[in-house]
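As a plain string of letters, each chain reads:
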Amino acid sequence: KNNPNYADLKLGYAQIEGPFGKFLAGRARCLFSRGASDINTKYAYLYAVGFPAKIDENGPSAGMVGFGVMGSGWAGSLQYATPELAGLQLTVGIFDPIRNQAGGFHRTKYPRPEGELRYKLEFGRSGLIEPFVNGAYQKIYKGGHCDPDAPLQPGVDSDPGLCDITAYGVGYGTRFEYGPFHLGVTGFLGDGLG
């Protein structure tokens, strides 16, 4: 109550749209887990706050991120979305790399590629089916000198000789709406995501 709640600026991009599709450049939502985040926002917390995360800190709530839903996040990117063709749309992009907080993996050589394939079918006056699949891939490396032959130490969770890891993920799911009934189902597979 006595602390200021500063604006949380997450987006800032330019977008060109036309018969060729959409091209976006700037800080925007990531593609991996975008469908799952949409389901969470639209069906669970459109008019509510969800889980507030740390109640004694400033900032927005996190919906149900951390309870099985991987949040899509925001990052600097270049993205291209094809025109919708009979409800089918492909979006691909390259994003600023994510710094993995665990194990000292703080370097990368390349931007992170992500993509999403989405199909949207509207029927009747209020019917919708929207399946999707999306993914991300990033190779990350340990900072400083890394000895691949370092011996394992008792009580240490990770292999000290591990110099790089691959973070990747595939998300999938579908939304179904008919009148007031809305159902969203989603899941993901991956490693090194958080």
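Structure: above.
The structure displayed is predicted, hence computed values, not measured ones.

## Some details on unusual backbone geometry
For Ser33, which is not glycine, the phi dihedral falls at a positive 70 degrees. Structurally, Ser33 is set in the loop between β2 (21-29) and α1 (34-44). Taking relative accessible area as the criterion, Ser33 reaches 4% and is therefore assigned buried. Positive phi is not limited to glycine here, since Ala86 has a value of about 55 degrees. Along the chain, the position of Ala86 falls in the loop between β3 (74-81) and β4 (88-95).

## Section: the layout of surface pockets
Approximately 420 Å³ is the volume attributed to the second largest pocket. Residue lining of the second largest pocket: 22 residues in total, with Gln15, Lys22, Arg34, Gln79 and Ala81 positioned closest to the centre. Looking at the lining of the second largest pocket, the elements that each hand over two or more residues are β1 (12-18), β2, β3, β4 and β6 (112-119). Here the element with the most residues in the lining of the second largest pocket is β2; it accounts for five residues. When the residues that make up the lining of the second largest pocket are grouped by side-chain class, the tally is nine nonpolar, five polar and eight charged.

## Focus: the environment of Ser126
Relative to the helices and strands, Ser126 is located in the loop between β7 (121-123) and β8 (127-142). According to the relative accessible area criterion, Ser126 is partly exposed, its value standing at 33%. On a C-alpha basis, the gap between Ser126 and Glu177 in space is 7.2 Å, while along the polypeptide they are 51 residues apart. Residues in contact with Ser126, not counting those within four places in the same chain, are Glu177, Tyr178 and Gly179.

## Focus on the pattern of salt bridges
Counting across every chain of the model gives nine salt bridges. Between Asp38 and Arg118 there is a salt bridge, with the nearest N and O atoms lying 3.5 Å from each other. Here Asp38 is found in helix α1, whereas its partner Arg118 is found in strand β6, with 80 residues between them in sequence. Accessibility assignment for this pair places Asp38 and Arg118 in one class, buried. With a closest N to O distance of 3.1 Å, Asp164 and Lys139 form a salt bridge. With Asp164 in strand β9 (residues 164-178) and Lys139 in strand β8, the pair connects residues that are 25 residues apart, well separated along the chain. With relative accessibility at 29%, the residue Lys139 sits in the partly exposed group. Overlapping salt bridges, with partners in common, bring together Arg29, Arg34, Asp38, Glu116, Arg118, Glu130, Arg175 and Glu177 in one network.

## Quick word on the packing of aromatic side chains
Scanning the model with the defined rule gives three aromatic pairs in all. Here Phe123 and Tyr178 contribute two aromatic rings whose centre-to-centre distance is 5.9 Å and whose plane-to-plane angle is 15 degrees, an arrangement assigned as stacked. Highlighted residues: Phe123 in strand β7 and Tyr178 in strand β9, separated in sequence by 55 residues. Of the residues examined, Phe123 reaches a relative accessible area of 27% and is grouped as partly exposed. A residue is classified by how much of its surface remains accessible, and Tyr178, at 47% relative accessible area, is partly exposed. Among the aromatic residues, those joined into a cluster by ring pairs are Phe123, Phe176, Tyr178 and Phe181. Seen from the ring of Trp74, Lys10 lies directly overhead, with NZ or CZ sitting 4.5 Å from the centre.

## Considerations on the side chain of Glu114
For Glu114, the location among the structural elements is in strand β6. For Glu114, a relative accessible area of 7% corresponds to the buried category. In contact with Glu114, not counting residues within four places along its chain, are Cys30, Leu31, Phe32, Thr91, Val92, Gly93, Phe95, Gly135 and Ala136.

## A word on α1
Of all the positions in α1, only Arg34, Gly35, Ala36, Ser37, Asp38, Ile39 and Asn40 are classed as buried. Considering only its buried residues, α1 is in contact with β2, β4, β6, β8, β9 and β10 (181-191).

Conventions adopted
Residues numbered from 1 in each chain as written. Predicted model: local features only at pLDDT ≥ 70, side-chain atom pairs only at ≥ 80, totals over all residues. Heavy atoms only, no water. Helix = DSSP H or I, 4+ residues; strand = E, 2+ residues; numbered from the N terminus. Buried < 20%, exposed > 50% of the residue type's maximum accessible area, 1.4 Å probe, protein only. 1 Å grid on protein atoms, 1.4 Å probe; cavity = no way out; pocket = protein on both sides within 12 Å on 5 of 7 lines; lining within 4 Å. Points joined across faces, edges and corners; volume = space filled by probe spheres on them. Nonpolar A, V, L, I, M, F, W, Y, C, P; charged D, E, K, R; others polar. Contact = heavy atoms within 4.5 Å. Salt bridge = Lys/Arg side-chain N within 4 Å of Asp/Glu carboxyl O. Phe/Tyr/Trp six-rings, centres within 6.5 Å; stacked < 30°, edge-to-face > 60°. Lys NZ or Arg CZ within 6 Å of the ring centre and 35° of its normal.

Spatial relationships are all this shows, so hold off on functional conclusions.
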